[in-house]
Amino acid sequence: MTKLVDCDTHLFEPPDMWASYADPADRDVALRIADDELGYAWLTYGERRLGLAEPHRPGQVDAIGSYRHRWLRGERSNFNYYELAGPYSDPAARLEHLDRVGFDAAVLFPNYGILWERDLQEERRATQANMKAWNRWIVDVAAEGHGRLFPVAHVSLADLDWLDGQLRDLAAGGIRLALIAPALVDGKPFSHPDIDRAWSAFVDHGITPVFHVANQPRPFDEAWYGEDVVGGIQPLTTIFLWTAAALALTDLILNGVLERHPDLRFGIMELSAIWVSLHLQMMDGGSRFAARFNGEGAPLSMMPSEYFRRQVRVAAFALERPDALARTAGDLFMACSDYPHTEGTLTPLEDYRKANTTPEDSPALFHDNVGYLLRL
């Protein structure tokens with residue numbers, strides 16, 4: 001039985017993965033990783049550069065900044081991206097890494113898949129084609145993981161027939177999690193009746209929708225963010241990275257979706273965890289005050305925070321002190337390393353032990369909560 005599960009790692013896509021796994025008719029819109037004239041590898045869509053392929057090594061954030069400045073100065077690339085990223089794409093290498101760090105299994109999110117969704121949001125065929133390619137590849141990865149690798153699918157809610165077909169194929173391939181954007185769907189909130197079929201599909205196919213930091217439609221007006229930073233990130237997206245997930249879940253809770261679908265589960269990864277306790281208080285207090293002010297009865301059978309605690313699980317880095325978070329918000333947090341990203345760690349279990357949290361003392365953090373999302 002799986003004992004220790006890392007709920008947030010990243011699986012790097014090989015340069016030709018999208019074209020290799022896309023339908024032949026969609027290969028003209030397939031993403032690819034290609035070198036520019038100075039030897040820098042880029043995620044590209046046609047002639048557009050969507051993201052710089054960076055030297056990800058855990059704990060070495062400054063190295064990415066240095067590499068980006070090297071590109072801005074017009075100097076040639078000084079490292080072999082393909083040599084670095086190869087093991088990050090290889091299921092066998094990922095299993096060896098788990099053995100080294102002491103985890104039994106890991107959830108694997110896309111790497112470049114978290115970079116492009118907002119850029120292609122107006123191009124539905126390209127969006128679906130590239131999501132579908134990733135989804136096909138990870139079924140193969142899961143098979144090679146021998147029950148220890150849990151790759152996360154990538155889906156959109158814009159076409160519910162397409163979504164249902166993807167979830168059906170993913171479930172047949174053993175996939176149990178699917179990344180979705182916490183954003184309006186063609187101008188409609190998640191609680192809109194037209195979208196309710198999506199939540200039924202997730203439950204029926206046994207797949208849990210999850211939110212993860214990504215370049216997705218933003219929760220605030222684009223004017224707040226300014227121009228995109230080529231090959232970089234906007235500070236506002238980092239500072240407010242949790243708000244879109246909090247907004248989406250609040251809509252789902254207050255408007256009865258989680259009450260109507262008690263077996264619908266949600267995961268929140270790499271969007272921080274320290275906000276959860278305060279947000280639960282704000283949901284309860286805000287909904288209670290509005291009902292009293294408006295002279296209304298309680299529209300839900302439970303308090304909003306109770307739905308969150310029942311159906312939502314949240315990744316918490318060791319530095320966020322998940323032991324303290326659990327005392328105020330409930331035992332709903334999950335352990336993660338974010339390997340191999342630079343903001344991640346090579347010593348996750350040691351990090352948690354230093355934060356007064358061990359697998360022996362906190363089975364929910366290291367297994368039970370992610371197991372709930374995976375329906376283990």
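Residues numbered from 1 in each chain as written. Predicted model: local features only at pLDDT ≥ 70, side-chain atom pairs only at ≥ 80, totals over all residues. Heavy atoms only, no water.

1. Details of the overall build of the protein chain
Step number 1: When helices and strands are tallied, the protein chain shows 15 helices and eleven strands.
Step number 2: For the protein chain, the C-alpha radius of gyration of 20 Å lies close to 21 Å, the compact-globule estimate for 376 residues.
Step number 3: With the C-alpha coordinates aligned to their principal axes, the bounding extent of the protein chain is approximately 65 × 45 × 40 Å.
Step number 4: In the protein chain, which comprises 376 residues, the share counted as buried stands at 56%.
Step number 5: Restricting to contacts in the protein chain with at least 6 residues of sequence separation, those with at least 24 account for 74%.
Step number 6: Counting only carbon and sulfur atoms, one obtains 53% of the accessible surface of the protein chain, whose full area is about 16,500 Å².
Step number 7: Counting 35 positive and 54 negative side-chain charges, the protein chain places the averaged centre of each group 2 Å from the other. (Helix = DSSP H or I, 4+ residues; strand = E, 2+ residues; numbered from the N terminus. Rg over C-alpha atoms; globule rule 2.2 N^0.38 Å. Buried < 20%, exposed > 50% of the residue type's maximum accessible area, 1.4 Å probe, protein only. Contact = heavy atoms within 4.5 Å. Areas by Shrake-Rupley, 256 points an atom, 1.4 Å probe, with all protein chains shown as cover. Lys, Arg positive; Asp, Glu negative; His and termini not counted. Charge placed at Lys NZ, Arg CZ, Asp CG, Glu CD.)

2. So, unusual backbone geometry
Step number 1: Between tyrosine 339 and proline 340 the backbone carries a cis peptide bond, its omega angle lying at 0°.
Step number 2: Tracing the chain through its elements places proline 340 in the loop between strand 11 (333-334) and helix 14 (348-354).
Step number 3: Here the phi dihedral of aspartate 186 falls at roughly 50°; this positive angle occurs in a residue that is not glycine.
Step number 4: Structurally, aspartate 186 is set in the loop between strand 7 (177-179) and helix 7 (196-205).
Step number 5: Residue arginine 375 is not a glycine yet carries a positive backbone phi of 55°.
Step number 6: As for its placement among the helices and strands, arginine 375 is situated in the segment after helix 15 (363-374).

3. Observations regarding the environment of glycine 267
Step number 1: Position of glycine 267 among the secondary structure elements: in strand 9 (residues 266-269).
Step number 2: Accessibility expressed as a relative area gives 0% for glycine 267, which makes it buried.
Step number 3: Between the alpha carbons of glycine 267 and leucine 179 there is a distance of 9.2 Å; along the sequence they are 88 residues apart.
Step number 4: Other than its neighbours up to four places away in sequence, glycine 267 contacts Thr208, Pro209, Val210, Phe211, Arg313 and Leu373.

4. Regarding the sheet that holds strand 2 (residues 32-35)
Step number 1: Reading across the sheet, the three strands line up as 2-3-4 and stay open at both edges, with antiparallel pairing between neighbours. Because the sheet does not close on itself, it has two edges, and the strands there are strand 2 and strand 4 (48-52). When the angles between neighbouring strand axes are averaged without regard to direction, this sheet yields 45°.
Step number 2: Sheet topology places strand 3 (residues 41-45) next to strand 4; four bridges connect them, and they run antiparallel. Note that in strand 4 the partner of leucine 43 across the bridge is glycine 51.
Step number 3: Where helix 3 (residues 81-89) meets the sheet, it contacts strand 2 and strand 3, and its direction lies at approximately 155° from that of strand 2. (Pairing = 2+ DSSP bridges. Axes fitted to C-alpha atoms, helices over the stretch in contact; angles between N-to-C directions.)

5. Comments concerning the packing of helix 11 (residues 276-294) against helix 12 (residues 304-311)
The angle between the axes and the distance between the axes are what describe a pair of packed helices.
Step number 1: As a packed pair, helix 11 and helix 12 sit with axes 7 Å apart at the nearest point and diverge in direction by 140°. With respect to helix 12, the element helix 11 is oriented oblique. Contacts between helix 11 and helix 12 involve Val276, Leu280, Met283, Asp284 and Ser287 from the former and Pro304, Ser305, Phe308 and Arg309 from the latter.
Step number 2: Residues belonging to the contact of helix 11 with helix 12 are distributed by class as follows: five nonpolar, two polar and two charged. (Parallel < 35°, antiparallel > 145°, perpendicular 65-115°, else oblique. Nonpolar A, V, L, I, M, F, W, Y, C, P; charged D, E, K, R; others polar.)

6. What to know about the environment of aspartate 169
Step number 1: Structurally, aspartate 169 can be placed in helix 6 (residues 160-172).
Step number 2: With a relative accessible area of 46%, aspartate 169 lands in the partly exposed category.
Step number 3: Residues aspartate 169 and histidine 205, spaced 36 residues apart in sequence, show a C-alpha to C-alpha distance of 9.3 Å.

7. Brief notes about the sheet that holds strand 7
Step number 1: Strand order in the open sheet formed by eight strands is 1-5-6-7-8-9-10-11, and the pairing between neighbours is parallel. Unpaired on one side and paired on the other, strand 1 (5-11) and strand 11 mark the two borders of the sheet.
Step number 2: Where strand 1 and strand 5 (residues 105-110) come together, five bridges link them in parallel fashion. Paired with valine 5 across the strands is alanine 105, a residue of strand 5.

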